[in-house]
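What the coordinates show
Below, each chain spelled out in residue letters.
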Amino acid sequence: MAEINKKRILTAAFVGGTIFSLVVILLDWLLGRGFSWPRLSFYFIFGVVMYGFLTYRNFKKQNKK
């Protein structure tokens with residue numbers, strides 16, 4: 001069974017948040033919106049929180065089985 005490990009959750013959250021923010025910034029650039037630091041920081045924080053929550057929920061679900 002998968003153990004809930006804070007280090008793994010944080011690592012997955014930061015990697016997922018980084019990839020999410022880069023993809024969204026790339027799409028913004030392709031659509032002609034330009035680059036904005038406040039938008040990038042919002043996407044990064046949002047991505048880290050969401051990926052952290054989803055990873056934690058996934059580990060918790062695996063422990064129940």
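Coordinates for the structure precede this section.
Scope of this entry: the structure provided in the associated data block. Worth saying up front: this structure is predicted, and the values here are computed from it rather than measured.

**Re the overall build of the chain**
On a plain count of helices and strands, the chain comes out with 2 helices and 0 strands. Against the 2.2 N^0.38 benchmark of 11 Å for 65 residues, the chain shows a C-alpha radius of gyration of 14 Å, more extended than a compact globule. Dimensions along the principal axes, computed over C-alpha positions, put the chain at roughly 45 × 15 × 10 Å. A burial count over the chain gives 26% of its 65 residues as buried. A total accessible area of about 5,100 Å² is found for the chain, and carbon and sulfur atoms account for 70% of it.

**Points about the packing of helix α1 (residues 6–30) against helix α2 (residues 37–64)**
Taken N-terminus to C-terminus, the directions of α1 and α2 make an angle of 140°; their axes are 7 Å apart at the nearest point. Between α1 and α2, the angle is such that the two are oblique. In this structure, α1 meets α2 at a crossing whose hand is right-handed. Per-class residue counts for the contact of α1 with α2 are 15 nonpolar, 7 polar and 3 charged.

What counts and how
- Sequence order as written defines residue numbering, which begins from 1 separately in each chain.
- Local features are withheld for residues below a pLDDT of 70 in this predicted model, meaning they are given only at 70 or higher, and side-chain atom pairs are given and counted only at 80 or more; totals for whole chains, interfaces and linings count all residues.
- With hydrogens and water stripped out, all remaining heavy atoms of the structure feed into the side-chain values.
- Working definition: helices are DSSP H or I runs of at least four residues, strands are E runs of at least two. Numbering for both runs from the N terminus.
- Values of the radius of gyration come from C-alpha atoms, whereas the globule rule sets the reference at 2.2 Å times the count of residues to the power 0.38.
- Buried, partly exposed and exposed residues are distinguished by accessible area as a fraction of the type maximum, computed with a 1.4 Å probe on protein chains only: under 20%, between the cut-offs, and over 50%, respectively.
- Note on areas: Shrake-Rupley, 1.4 Å probe, and residue coverage restricted to the protein chains presented here.
- Think of each axis as a best-fit line through the C-alpha atoms, taken over the contacting stretch in the case of a helix, with angles from 0 to 180 degrees between the N-to-C directions.
- With respect to orientation, any angle under 35 degrees is reported as roughly parallel, any angle over 145 as roughly antiparallel, any angle of 65 to 115 as roughly perpendicular, and every other angle as oblique.
- Handedness of a helix crossing follows the sense of rotation of the near helix relative to the far helix, less than a right angle counterclockwise being left-handed and clockwise being right-handed.
- In this count, Pro and Cys sit with the nonpolar residues alongside Ala, Val, Leu, Ile, Met, Phe, Trp and Tyr, while Asp, Glu, Lys and Arg are called charged and the others, Gly among them, polar.

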